[in-house]
Amino acid sequence: MSKATGPLLTKRSQSIVENQIYRRQRSLELINALPKEPYDDTKNETSHKTYVVIAFSEKAKLQQCQDVEKIIQQFGVLTTLEVLSKTEKYLYLSATTDCLLRFADESELIKKTVTGSMQKFNYHSVEDFLLPGMSINNIVRDCEAPVLIKDAIKPSLSSYIKNGVIEDLFPLHDYEYLERFSFNWRRRSLPIEEIRNYFGSSISLYFGFTLFYTKALVFPALFGLVQYYYSFNLSLVSSFYVIWTTIFLELWKRKCAGYSYRWGTIEMTSLDKPRTAYKGELKPDPITGKLTLQYPMRYTYLQMYCISYPVVFLCVTAAAYFALYQFQIEAEVLNDFGADSWLLYIPCIVQSVLISIFSWAYEKLANFLTEVENHRTRSQYDRHRVNKLMIFEIVNNFFSLFYIAFVLQELKQLKYQLMVQLLIFQLVCIAQEVGIPLLAVIKQKFVKYMQKEIDEEIKHQVSDLARYEQCFFESGLDKYQSTYEDYLQMCIQFGYVVLFAAVAPFAALGALINNIFAMHIDLFKLCNIFKRPFARRTKNIGAWQSAFELLSVMAILSNCGILYLQPNIKNFFVNLFPNTSDLSFVLFEHLLLGLKFVIHKAIHERPREVRIALLKADYESSEAYKNIKKFKAQVKID
């Protein structure tokens with residue numbers, strides 16, 4: 001449910017709470033009452049389908065709603081304005097195929113041509129993008145149409161959004177398409193391509209990564225079981241995780257490159273259009289000459305290095321202090337109650353709970369600091385936000401484990417502390433993944449007794465009853481923010497799996513079981529709990545790739561350190577190299593780092609077919625440019 005603007009809920013939001021389950025049931029019933037036909041992507045419904053809905057606030061006047069409608073119509077967008085009451089004013093936006101193709105040209109969407117290469121879409125050469133079996137209505141995908149409309153009209157509506165006339169702007173769900181994502185026990189994998197076609201490349205890359213990571217966890221999960229029963233030498237364990245983490249991350253780069261090439265995002269750069277919240281002055285772009293928002297980078301760097309990172313340092317120091325304070329409390333409990341007291345478990349549990357609380361608080365702080373830095377593109381914003389967050393999360397989640405392992409050198413305590421933290425972390429994740437859908441279901445069960453029929457007067461005013469019911473229901477849903485928190489959970493989980501693999505053989509198995517359910521729950525939430533998000537284009541998982549690689553390098557150091565602390569291993573090196581035992585350990589650790597580097601260089605980050613396709617696209621662009629030059633020269637001669 002959307003938040004009220006005042007201290008009390010408005011009548012409109014109260015009405016949404018009371019009626020949302022009934023409204024959705026009604027819209028589904030009306031849709032299901034239509035003649036049943038197989039869902040056909042080639043069907044020409046472009047001029048009738050509602051892509052975007054604008055919900056006006058209670059204070060919006062009729063004249064203002066009509067002004068917004070006139071502005072939007074100037075872009076060639078089809079509109080239907082319905083003013084039903086003071087609290088219910090909707091503007092439905094649609095577009096013809098020709099309009100969407102023009103928007104696609106202006107946005108420079110990358111599309112596959114009949115030659116097999118990926119090129120920027122050209123409105124005047126539509127036939128070049130009509131692949132075999134494709135109609136002109138399929139060129140703009142289901143996820144792209146709402147974004148194209150929003151990007152075209154939103155700059156002209158900024159004043160109406162700022163002064164609160166426009167309360168919300170969101171795309172409607174397609175219930176027929178959503179049936180493809182319904183849970184199916186027989187389905188062995190998520191439909192990544194269909195998720196992309198509906199939600200866009202950013203969300204689909206998250207599901208692609210989660211699926212790939214979950215499949216990769218099968219190997220350490222099986223290795224952990226064998227490790228537990230046969231007590232492998234820790235040097236073998238360290239070597240295995242070096243090889244596994246490196247191959248996993250390198251193969252994901254290749255998989256990601258394949259996705260981004262097919263989806264037309266592989267050549268995105270930091271010079272792409274700015275994000276919505278970017279602030280600056282309109283100045284000519286040095287490359288295109290067009291007026292674009294620009295902000296001096298020196299102010300961004302000043303904010304980063306003089307404010308943001310000092311604040312991050314203070315937070316990291318506080319997190320480290322609280323981690324060490326736990327051990328002081330444990331020592332006092334040990335002295336007062338003895339080693340057999342159950343009270344010794346309390347400091348560890350409290351510390352694990354505090355880790356979750358600090359993570360939530362610091363995430364809010366990292367968002368605020370990064371927002372103030374005013375980064376131009378979404379990728380830059382995400383990268384700097386993740387950098388801040390990872391510094392804190394490494395200290396918050398793993399500092400106490402490193403202290404136990406390498407200062408106290410108590411491996412039994414390390415194993416106990418790690419398992420407690422991992423257990424509580426997984427419980428928090430499960431509470432978030434399962435709790436939100438469960439609360440939504442409970443809320444719907446509760447409000448179904450408060451169903452209200454639609455007034456007959458309203459029924460006569462609306463042009464499409466099913467659309468109105470769906471719009472009313474979805475306007476009361478929460479807005480989906482991003483995949484940020486989902487990646488964060490995955491990254492922390494990866495750290496628990498690999499950083500201390502020598503003493504936690506079952507961590508990978510627990511992560512595997514958790515992820516199998518989590519990715520299906522995430523898809524369910526997107527389809528049923530949240531508003532449909534506008535699709536966002538991205539070429540990779542961004543800064544999260546660097547975060548995973550950082551943890552894989554740290555895993556080499558930590559597991560080698562645990563290996564060296566073993567009495568038999570340490571005595572072996574002392575006897576073998578009496579004067580250089582520490583140096584021998586460093587050489588072994590560097591040997592594993594060298595092995596990681598060799599694997600990294602041996603596996604190219606882009607598949608050969610993608611590299612060839614990119615070169616082919618460059619060649620075709622070059623030849624097209626030459627032909628244009630020849631044509632212009634011939635025209636001048638004639």
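All residue numbers here refer to positions counted from 1 along the written sequence of the relevant chain. Reporting of local features is limited, given that this is a predicted model, to residues whose pLDDT is at least 70; pairs of side-chain atoms are given and counted only at 80 or more, and all residues count toward the totals for whole chains, interfaces and linings. Based on all heavy atoms of the structure, the side-chain values leave hydrogens and waters out of the count.

Caption draft 1: Fine view of helix α13 (residues 378-408). A run of H or I in DSSP becomes a helix once it reaches four residues, and a run of E becomes a strand once it reaches two; helices and strands are each numbered from the N terminus. The length a helix should cover is 1.5 Å for every residue beyond the first. Taking 1.5 Å as the rise per residue, α13 with 31 residues should run 45 Å; its terminal C-alpha atoms sit 43 Å apart, in good agreement. Residue Phe-398 marks the point of greatest curvature in α13, where the axis turns by about 55°. To get the bend at a residue, fit one axis to the 7 residues ending there and another to the 7 starting there, then take the angle between the axes.

Caption draft 2: A look at the UniProt feature "transmembrane region" (unreviewed entry) in the chain. UniProt positions are given in the numbering used here, feature names are shortened, and annotations may be inferred rather than shown by experiment. Per the UniProt record, "transmembrane region" (unreviewed entry) is annotated on residues 205-226, 232-252, 299-322, 342-362, 386-406, 418-442 and 542-565. Helix makes up 100% of residues 299-322 and strand makes up 0%, while its end C-alpha atoms are separated by 34 Å.

Caption draft 3: Inspection of unusual backbone geometry at higher detail. The backbone of Glu-108 shows a phi angle near 55°, a positive value even though the residue is not glycine. By the element assignment, Glu-108 lies in the loop between α3 (97-106) and β4 (110-112).

Caption draft 4: The packing of α3 against helix α4 (residues 144-153), seen in detail. Packing of α3 against α4 brings their axes to within 10 Å, and their N-to-C directions diverge by 70°. The orientation of α3 with respect to α4, classified from their angle, is roughly perpendicular. Where α3 abuts α4, its residues Leu-100, Phe-103 and Ala-104 lie against Ala-145, Leu-148, Ile-149 and Ala-152. Among the residues making up the contact of α3 with α4, the classes are represented as seven nonpolar, no polar and no charged. Note on geometry: axes are lines fitted to C-alpha atoms, helical ones only across the stretch in contact, with angles between N-to-C directions running from 0 to 180 degrees. Any angle between 65 and 115 degrees counts as roughly perpendicular, while under 35 counts as roughly parallel, over 145 as roughly antiparallel, and the rest as oblique. Note on contacts: a residue pair qualifies if any of its non-hydrogen atoms lie within 4.5 Å across the two residues. Residue polarity is assigned by list, with Asp, Glu, Lys and Arg as charged and Ala, Val, Leu, Ile, Met, Phe, Trp, Tyr, Cys and Pro as nonpolar; anything else, Gly included, falls into the polar class.

Caption draft 5: Molecular detail of the sheet that holds strand β2 (residues 78-83). In short, DSSP must find at least two bridges between two strands for them to pair. Strand order across the open sheet formed by four strands is β2-β3-β1-β6, with antiparallel pairing between neighbours. Two strands close off the open sheet at either side, each with one partner strand: β2 and β6 (166-171). Averaged over all neighbouring strand pairs, the angle between strand axes comes to 15°, with direction disregarded. Of the strand pairs in this sheet, β2 and strand β3 (residues 89-94) are connected by six bridges, and their pairing is antiparallel. Looking at β3, one finds that Glu-82 is bridged to Tyr-90. Lying over the sheet, helix α2 (residues 62-73) contacts β1 (52-56), β2, β3 and β6, oriented at roughly 170° with respect to β2.

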